[in-house]
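Close look at the chain arrangement
Listed here are the chains, written in short residue letters.
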Amino acid sequence: MIREIKANELKELLELYTHLHELGVPENTEHLQKTWNTICNDANHHIIVCEVDGKIVSSCVCVIIPNLTRNIRPYAFIENVVTHADYRGKGYATMCLNYAKELAQKADCYKMMLLTGSKNDITLNFYKKAGYNSDDKTAFIQWL
């Protein structure tokens, strides 16, 4: 089942993120709870999950960003695309991205963007198959 995350599922999401690039689940601090509450209360911030047999196995984040160009149409940014290692190759991340695309279309976004640090051909081909291309724009990142 593809859906948006529930406020009481933070622990499960953080455990899934250990399959992304996190080394462990962060400590449950006041800062973590404030950040989670901010995300949960932001109508433009969507955490999409795929649930299989009651377990969250895949997820992505879709943030709708208001914009003053392109006829005042927003755009969507995709981040933290992850699938539990034991569930990869079954289409779960694709379903999450498709749900994100539906949200972006409903919000009248003119484009969706995502960045990946992966150089792995399997990962890059996954994003191409999902409809993304790396030809139109050049991404620059400044780490802070």
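Check the entry above for the structure.
Structural notes, computed from the coordinates. (Residues numbered from 1 in each chain as written. Predicted model: local features only at pLDDT ≥ 70, side-chain atom pairs only at ≥ 80, totals over all residues. Heavy atoms only, no water.)

Details of the packing of aromatic side chains
In this structure the tally under the stated criterion is three aromatic pairs. Ring centres of Y75 and Y110 lie 6.4 Å apart, and the angle between their planes is 75 degrees; on these two criteria the pair is classed as edge-to-face. With a gap of 35 residues between them, Y75 in strand β4 (residues 75-83) and Y110 in the loop between α3 (92-106) and β5 (112-114) connect regions that are remote in the sequence. You can call Y110 partly exposed: its relative accessible area is 25%. One residue, K111, lies across the ring of Y75, its end atom 5.6 Å from the ring centre. (Phe/Tyr/Trp six-rings, centres within 6.5 Å; stacked < 30°, edge-to-face > 60°. Helix = DSSP H or I, 4+ residues; strand = E, 2+ residues; numbered from the N terminus. Buried < 20%, exposed > 50% of the residue type's maximum accessible area, 1.4 Å probe, protein only. Lys NZ or Arg CZ within 6 Å of the ring centre and 35° of its normal.)

So, the state of the cysteines
Enumeration over the complete set of coordinates arrives at zero disulfides. Here C40 is not cross-linked by a disulfide; its sulfur's nearest cysteine counterpart is in C62, at 16 Å. Among the residues examined, C40 registers a relative accessible area of 36% and is labelled partly exposed. (Disulfide = S-S within 2.5 Å.)

Quick word on the sheet that holds strand β1 (residues 2-4)
Spatial ordering of the open sheet is given by β1-β2-β3-β4-β5, a layout of five strands whose pairing is mixed. A single partner strand is all that each edge strand has here, and the edge strands are β1 and β5. Looking at each pair of strands side by side, their axes are set apart by 30 degrees on average, direction ignored. The sheet contact formed by strand β3 (residues 55-65) and β4 spans seven bridges and is antiparallel. Paired with I65 across the strands is Y75, a residue of β4. Sheet strands touched by α3: β1, β2 (45-52), β3, β4 and β5. Its angle to β3, the strand with the most contacts, is close to 30 degrees. (Pairing = 2+ DSSP bridges. Axes fitted to C-alpha atoms, helices over the stretch in contact; angles between N-to-C directions. Contact = heavy atoms within 4.5 Å.)

Observations concerning α3
Residues spaced three or four apart along an α-helix face the same direction, because each turn holds 3.6 residues. In this model, α3 (15 residues) spans 21 Å end to end at C-alpha, consistent with the 21 Å of a helix rising 1.5 Å per residue. Taken together, the buried positions of α3 are Y92, A93, C96, L97, A100, L103 and A104. Around the axis of α3, the buried residues are gathered within 140 degrees of arc, so they sit on the same side. Exposed and facing more than 90 degrees away from the buried side of α3 are Q105 and K106. Buried residues in α3 make contact with β1, β2, β3, β4, β5 and α4 (121-129). Positioned one or two residues after α3, D108 has a phi angle of 65 degrees, which is positive. (Expected span 1.5 Å × (residues − 1). Arc of directions from axis to C-beta.)

Here we look at the pattern of salt bridges
For the coordinates displayed, the defined rule picks out five salt bridges. Three or more residues joined by partner-sharing salt bridges are found here, namely R3, E9 and E51. (Salt bridge = Lys/Arg side-chain N within 4 Å of Asp/Glu carboxyl O.)

Re the pairing of β3
A large share of β3 lies buried, amounting to eight of its 11 residues. Where β2 lies against β3, eight bridges are found, and the strand directions are antiparallel. Its bridge partner being in β3, H45 is matched across the sheet by V63. Remark: two residues form the turn of the hairpin made by β2 and β3, two consecutive strands paired antiparallel; D53 in that turn has positive phi of roughly 50 degrees.

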